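Inside the fold
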Amino acid sequence: MNANELKKTARLTGIFYLLWIFTAFYSLVYVQSKTYVKGDAAATAANFLANEFIYRTGIVNGLIGSILWIFIVLLLYRMFVQVHKAQALLMVVLVLVQIPVFFIMNALDLTSLMLFKGEILKTFELYQRQDLSMFIIKINDYISIALEMFWGLWLFPFGYLVYQSGFIPRILGTFLILNGIAYVIHCLTHLIFPIYQDFVFKLSTPIWTLGEVSIMLWLVVKGANIHQKDLLEENKI
């Protein structure tokens, strides 16, 4: 891949990354604020029924986000395979193993809605369907906690590749590795020392923003800052 192709691929990756961040923001902030009430099954059920269309768009949004994630990691592989093929493959594997889980979580989201609406398990009492739906929502929360480990692990090879690339500032690779460490620590804290989860979350949030948002902005604005001759010299394996 020559320098012009590299820059185009980097910019396209950045645009997809930006779109993915928008999908995550839409689901985590907007949809959840309109539907989920922590610890209150009846209020959550009322919100689901009152905002069914919004909730359904959240499910579709999740599917789109998962598809975007596939394209992002494949574009990143194309960018960095000349830097270190084994690390680029590891990065791809650590992302792709998550995708089926995301689709299962979307199916569980739809199941929760059907329970609240009374379209399945009709022989159950209303409060039983509501409790079961809240249980499924909680399962998705637990799945997200487990997936955090992979959210962190894939950033290690990604950060390494950025650091070694020569066409993206090394500091961004360092940020990505720190971002990965923060995810792993937050995941382990939630699993082993849950009483400290909120404290670790507050410490980790700025690091998460620093890592992935920084690389996304660089890819969108700058792409790859290198000439073809430099690219060939820097990426000899």
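Please read all numbers here as calculations on a predicted model, not as lab measurements.

Nonpolar side chains in soluble globular proteins generally cluster together in the buried interior. Core analysis: the largest hydrophobic core is formed by 37 residues, its most contacted members being Met79, Phe80, Trp154, Phe158, Ile168 and Ile215. Within the residue set of this core, elements represented by two or more residues are helix H1 (3-35), helix H3 (52-80), helix H4 (85-96), helix H5 (99-117), helix H7 (155-165), helix H8 (170-192) and helix H9 (197-221). If one sorts the elements of this core by residue count, H3 sits on top with six residues. Dropping the residues within four chain positions of it, Ile168 is found in contact with Met79, Phe80, Val162, Ile215, Trp218, Leu219 and Gly223. Residues Ile54, Leu113, Met114 and Met134 belong to the second largest nonpolar core, which totals twelve residues.

Turning our attention to the side chain of Asn179. The topology assignment puts Asn179 in helix H8. Beyond its immediate sequence surroundings of up to four residues, Asn179 is in contact with Leu155, Ile207, Trp208, Gly211 and Glu212.

For Phe116, the location among the structural elements is in helix H5. Residues Phe116 and Phe25, 91 residues apart in the sequence, show an inter-C-alpha distance of 24 Å. Look past the residues within four positions of Phe116 in its chain and what remains in contact with it is Ala41, Thr44, Ala45, Phe48, Leu49, Gln130, Ser133, Met134 and Ile137.

In this section: the packing of aromatic side chains. In total, this model carries 14 aromatic pairs according to the counting rule given. Relative to Trp20, the ring of Tyr17 has its centre 6.2 Å away and its plane inclined at 75°; by these criteria the two rings are edge-to-face. Within this pair, Tyr17 and its partner Trp20 are both found in helix H1, separated by three residues, close to a single helical turn. Judged by relative accessible area, Trp20 falls into the partly exposed class, the value being 23%. Site record: aromatic cluster; members linked through ring pairs are Tyr17, Trp20, Trp69, Phe80, Trp154, Phe158 and Phe167.

What counts and how
Residues numbered from 1 in each chain as written. Predicted model: local features only at pLDDT ≥ 70, side-chain atom pairs only at ≥ 80, totals over all residues. Heavy atoms only, no water. Core = buried A, V, L, I, M, F, W, Y, C linked by side-chain atoms within 4.5 Å. Buried < 20%, exposed > 50% of the residue type's maximum accessible area, 1.4 Å probe, protein only. Helix = DSSP H or I, 4+ residues; strand = E, 2+ residues; numbered from the N terminus. Contact = heavy atoms within 4.5 Å. Phe/Tyr/Trp six-rings, centres within 6.5 Å; stacked < 30°, edge-to-face > 60°.

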